[in-house]
Amino acid sequence: MKLPVQNDKITTPEKHAKLEGLQSSGDLNIYKIEVDVVIIGSGAGGSLAAYELSRAGFRVLMLEEGSYFHPGHFKTDEVYSLSRFYRDSGFQMSENNYLSVFQGKTLGGSTTVNYKTIAYPRNNIFDDWEKIFGISGYRENETQDLVDEIESFLKFEVPSEDLLGPNQSILLPVLRDLNLPFYYYTALSHKCQGLGRCSLGCPINAKQSMYMNYIPAALDFGAKIFTQMRVLKIEDGIKKRVLAEFVKDPHEPPISGTINRMEVFAKTVIVSAGPIESPALLIRSGLGNKSVGTNLKLHPGATVMGVFESKIDMHRGIPQLLRIDGESNSKYWIDTWNIRPSSYSRLLPYNGISLFNTLQKFSYSASAVVQVRDGVKGKTLGRVDWRSGEKKIFYELSPEDEKQLLMGIRQLCRIYSHAGAKYIVLPFLNRTDPLPVNSADSFDWILNDPSHRKQLILNSIHPHGSISLSSNSSLGGVDKNLKLYGLENLYVMDSSVLPTSLGVGPQLMTMIVVLKSLKKLIKTLKK
Ligand SMILES: Cc1cc2nc3c(=O)[nH]c(=O)nc-3n(C[C@H](O)[C@H](O)[C@H](O)COP(=O)(O)OP(=O)(O)OC[C@H]3O[C@@H](n4cnc5c(N)ncnc54)[C@H](O)[C@@H]3O)c2cc1C
Ligand code: SF4
């Protein structure tokens, strides 16, 4: 698909010098502007808000820290892509250093680099939303109109089984033989060709990233969108003041006359900076109650690799299409995902000759990730804070979640060994070599051996829930309308607000919750 022409209206740095009202003092260029609503962050939540509010006739300005990246920038080079399109260059780590949290830092947010699967959470999830958080009206049968609206913008497709890469198709006979439940995800894409590059940016715009739909539609309704502008602080008041600074892109030559600092005045502020940066921004601005930043959920994942005798070349095909459900009554599930060499090397617990030998087998490897629903009842040992001028992520697996992950790892070992893998690379810090396997192994020792406790190497692509939605201010950071408790005209509209973990990717549910609250907000603002 072609890039939308409306995107030419995005205020990228080369347009700064021509902005009317730009004030210069020495080397400092300051741009001040007043609007009705300022939105911070352009991901799944922020872009939807920009569209709905500009369509309703409000003067909207959206600030995005990342640049406007599109197929003109996307390459197969993984190191380049991580460093350019991802937060902290793809190295966003928890304080204890054993968990990586991946997030996009680009126009469109994580939707520009995500695996584009969509699925509705199972109904039992909403029992807890109701019982614990007093939040109702989100079951699948209650939100069909909202899903239809979203679908009229973002194309949903079930990609053909032919686009399953070898990483996934190699497992199909085993899943059928062992009678293990699996299904294919619906995808937010249109005419996906299975090029396997979703996490590096889709080179043919088949993926329905926000810069392909909601962002151009918001521009059509007059929204102003500034990229490479990082919001530092929000100051409360009848008119709020949002302070932002220019972020230079080290891959681009310097441009003269760019804005150094921006001050935006608006009655209403919407924070959509994602589940790590939204709480970090609110905490450094001194806004919000004690719940802000707490109970961060991650769907923590442990990646397992099977090493085969014949070549797999796992980068081919749709990266994540096949989902394998956990054993009955478990909280884990397994997603196949095609990882690339740099991520592969980061997830290997080995060093020296063992690392070198395993990397040599990259083309012969298949990989999948076991993920767990942490924070089933909304509580986790995860937290975001802002200290010494930096955001901090604290996260500990609960013993129950660790057990679930170990069960999933055992299951994946069984699947890979039945599929003919000769070795398995386990995600344990204390293992020094790949494990030789055969299909007769039971792998029960994975659950029973205490030496594996607290040794898991974890990753997350689904952070959420750090400013929970709740009808009770002692349990959440925002109320039913997503308004920050204790403040007027300040809303959080992103995946931070999801109160419990979902068991599926958070994009669709984030959009549903945000869209529902936007309908109420528009009515309130029009009064
Ligand atoms: C590799 C990967 C694969 C994924 N796969 C799936 C999937 O298959 N299905 C699914 O449902 N979900 C998936 N996700 C998750 C999904 O993309 C996110 O849950 C969703 O995009 C969250 O939306 P959001 O609005 O909360 O934040 P984001 O989409 O992350 O957007 C936040 C934006 O705010 C910007 N920002 C942050 N701080 C500031 C600041 N101070 N000033 C200005 N801007 C700021 C960021 O740069 C970013 O662009 C994946 C994520 C990743 C990283
Ligand atoms: S698999 Fe390829 S074509 Fe399909 S969305 Fe991802 S990058 Fe685009």
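The numbering scheme is per chain: residues are counted from 1 as the chain's sequence reads. The order in which chains are written sets their letters, starting at A; the order in which ligands are written sets their numbers, starting at 1. Reporting of local features is limited, given that this is a predicted model, to residues whose pLDDT is at least 70; pairs of side-chain atoms are given and counted only at 80 or more, and all residues count toward the totals for whole chains, interfaces and linings. Side-chain measures were taken over the full set of non-hydrogen atoms in the model, leaving aside hydrogen atoms and water.

Asker: Go over empty space enclosed by the protein, please, and point to the residues and values.
Answerer: For cavity detection a 1 Å grid was placed over the protein atoms alone, and a set of points counts as a cavity when a 1.4 Å probe fits there but cannot get out; an open set counts as a pocket when protein lies on both sides within 12 Å along at least five of seven lines, with lining residues being those that have an atom within 4 Å of a point. Grid points are joined across faces, edges and corners, and a volume is the space filled by probe spheres set on the points. Applying the stated criterion across every chain, the model contains 3 cavities of 30 Å³ or more. If you add up the space inside the largest cavity, you get close to 100 Å³. In this structure, the largest cavity is lined by 15 residues; those nearest its centre are C192, L195, G196, C198 and C202. Considering only residue class, the lining of the largest cavity consists of 9 nonpolar, 3 polar and 3 charged. Residues are grouped as follows: Ala, Val, Leu, Ile, Met, Phe, Trp, Tyr, Cys and Pro are nonpolar; Asp, Glu, Lys and Arg are charged; every other residue, Gly included, is polar.

Asker: So, the domain arrangement of the chain: which residues are in play, and what are the values?
Answerer: Where each domain starts and ends comes from a domain assignment, either automatic or drawn from a database. Split into domains, the chain comes out as domain 1 (5-89 + 100-118 + 202-295 + 463-500) and domain 2 (161-189 + 301-373 + 398-455). Placing the centre of domain 1 and that of domain 2 at their C-alpha centroids yields a distance of 35 Å. Contacts: residue pairs with any heavy atoms within 4.5 Å of one another. Across the contact, 14 residues belong to domain 1 and 16 residues belong to domain 2. As used here, buried area is the combined drop in accessible area, with a 1.4 Å probe, of two parts when they are placed together. Carbon and sulfur atoms make up 57% of the area that domain 1 and domain 2 hide from each other, which totals about 1,400 Å². It is E78, Y115 and K116 in domain 1 that bury the most area against domain 2; as a group they hold 45% of the surface buried on that side. Salt bridge, as used here, is a side-chain nitrogen of Lys or Arg placed within 4 Å of a carboxyl oxygen of Asp or Glu. For the interface between domain 1 and domain 2, the tally reads 0 salt bridges. Think of a polar contact as two N or O atoms within 3.5 Å of one another; within protein, one of them needs to be a possible hydrogen donor and the other a possible acceptor, and neighboring residues in sequence only count if both atoms come from side chains. Where domain 1 packs against domain 2, one counts 5 residue pairs in polar contact (both at pLDDT 80 or more).

Asker: I'd like to hear about the packing of helix α1 (residues 44-55) against helix α13 (residues 507-526), residue by residue, with values.
Answerer: Geometrically, a packed helix pair is captured by the angle between its two axes and the distance between the axes. It is the contact of α1 with α13, at a shortest axis distance of 9 Å, that shows an interaxial angle of 30°. Looking at the two axes, α1 sits roughly parallel to α13. Where α1 crosses over α13, the two elements pack in a sense that is right-handed. Contact residues: α1 offers A44, G45, L48, A49, E52 and L53, while α13 offers Q507, M511, V514, L515, L518, L521, I522 and L525. Residue composition of the contact of α1 with α13, by class: 11 nonpolar, 2 polar and 1 charged. To get an axis, a line is fitted to the C-alpha atoms, and for a helix only the part in contact is used. The angle between two axes follows their N-to-C directions and goes from 0 to 180 degrees. Runs of H or I in DSSP of at least four residues are treated as helices and runs of E of at least two as strands, each being numbered from the N terminus. The scheme is simple: roughly parallel for angles under 35 degrees, roughly antiparallel for over 145, roughly perpendicular for 65 to 115, oblique for anything else. For any helix crossing, the convention is left-handed if the near helix is rotated counterclockwise from the far helix by under a right angle, and right-handed if that rotation is clockwise.

Asker: So what's going on with the environment of K516? Which residues, and what values?
Answerer: Considering the arrangement of structural elements, one finds K516 in helix α13. Judged by relative accessible area, which is 23%, K516 ranks as partly exposed. Between the C-alpha atom of K516 and that of K267, which follows or precedes it by 249 residues, the distance is 21 Å. Apart from the residues lying within four places of it in its own chain, the contact partners of K516 are S136, G137, Y138 and L146. The buried label goes to any residue with under 20% of its type's maximum accessible area, the exposed label to any with over 50%, and the partly exposed label to all in between, with areas taken from a 1.4 Å probe on protein chains only.

Asker: Any chance you could break down the layout of surface pockets for me, citing the residues and the numbers?
Answerer: Approximately 410 Å³ is the volume attributed to the second largest pocket. A breakdown of the residues in the lining of the second largest pocket according to their chemical character gives 10 nonpolar, 8 polar and 7 charged.

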